[in-house]
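# What the coordinates show
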Amino acid sequence: MRSGSIPGARGRVLPLTLLGDPVLHAPCEEVTEFGPELERLVEDMFATMYAARGVGLAANQVGRALRVFVYDCPDDEDERHLGHVVNPRLVSADGILLRGPEGCLSLPGLEAGVERYDEAVVEGRTVDGDRVRVPGTGFFARCLQHECDHLEGRVYVDHLSGWRRSRVRRRIAKAPWGR
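Residues numbered from 1 in each chain as written. Predicted model: local features only at pLDDT ≥ 70, side-chain atom pairs only at ≥ 80, totals over all residues. Heavy atoms only, no water.

## Some words on the UniProt feature "active site" (unreviewed entry) in the protein
Selection rule: UniProt positions are given in the numbering used here, feature names are shortened, and annotations may be inferred rather than shown by experiment. Secondary structure elements follow DSSP: runs of H or I no shorter than four residues count as helices, runs of E no shorter than two count as strands, and numbering proceeds from the N terminus. Relative accessibility thresholds used throughout: buried, under 20% of the residue-type maximum; exposed, over 50%; partly exposed, between the two (1.4 Å probe, protein chains only). Whether two residues are in contact is decided by their heavy atoms: any pair within 4.5 Å suffices.
If you check UniProt for "active site" (unreviewed entry), the listed places come out as Glu147 in our numbering. Mapped onto the secondary structure, Glu147 falls in helix α2 (residues 138-151). With relative accessibility at 3%, the residue Glu147 sits in the buried group. Residues within four places of Glu147 in sequence aside, it is in contact with Gly56, Leu57, Ala58, Gln61 and Phe69.

## Some words on the UniProt feature "binding site: Fe cation" (unreviewed entry) in the protein
UniProt's entry tags Cys104, His146 and His150 with the feature "binding site: Fe cation" (unreviewed entry), counted in the numbering of this structure. In three dimensions, the annotated residues from a span of 47 residues occupy one location, with a maximal C-alpha spread of 10.1 Å. Cys104 has contacts with Gln61, Leu110, His146, His150 and Tyr156, leaving out every residue within four places of it along the chain. Locating His150 in the fold gives a position in helix α2. With a relative accessible area of 0%, His150 lands in the buried category. The residues touching His150, leaving out its near neighbours within four places in the chain, are Leu24, Cys28, Ala58, Asn60, Gln61, Cys104 and Val155.

As structure tokens, then:
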């Protein structure tokens, strides 16, 4: 992405991958080629995330099994965090374990209380191959953990158990996209 450009402004909106698609349930591949194709993917992911009114989006949510995610997410103090990470690694998830509402663009219209740490740090690369370290707290820490989960082939429902999991599974079965 060019410095100073608005993320997603040159991107196109891609179809979202929904729960049940195999690409969401397998670990993603490392990105090995940095260049125009990767830049285009990141731009498209921003455009798709904004069109769907999300705060984060992983590449497998648009059908690409690559280790990339984008975000435009506030923390609990309403500070905006905007960026992307290529080949991210969750290097730290710490602090207080909190249950909070979590949704996902690949499970439209659903939400459940999921336990996540209120501090997280992700390290990776930019589309230019530069190293990046992204610390987050509160809601933004939740977002970082959620997107890293996607790249490992997990969705937030995988963290649920008991009645919470059963309730979400029933709602998925009733959703028009869940059949």
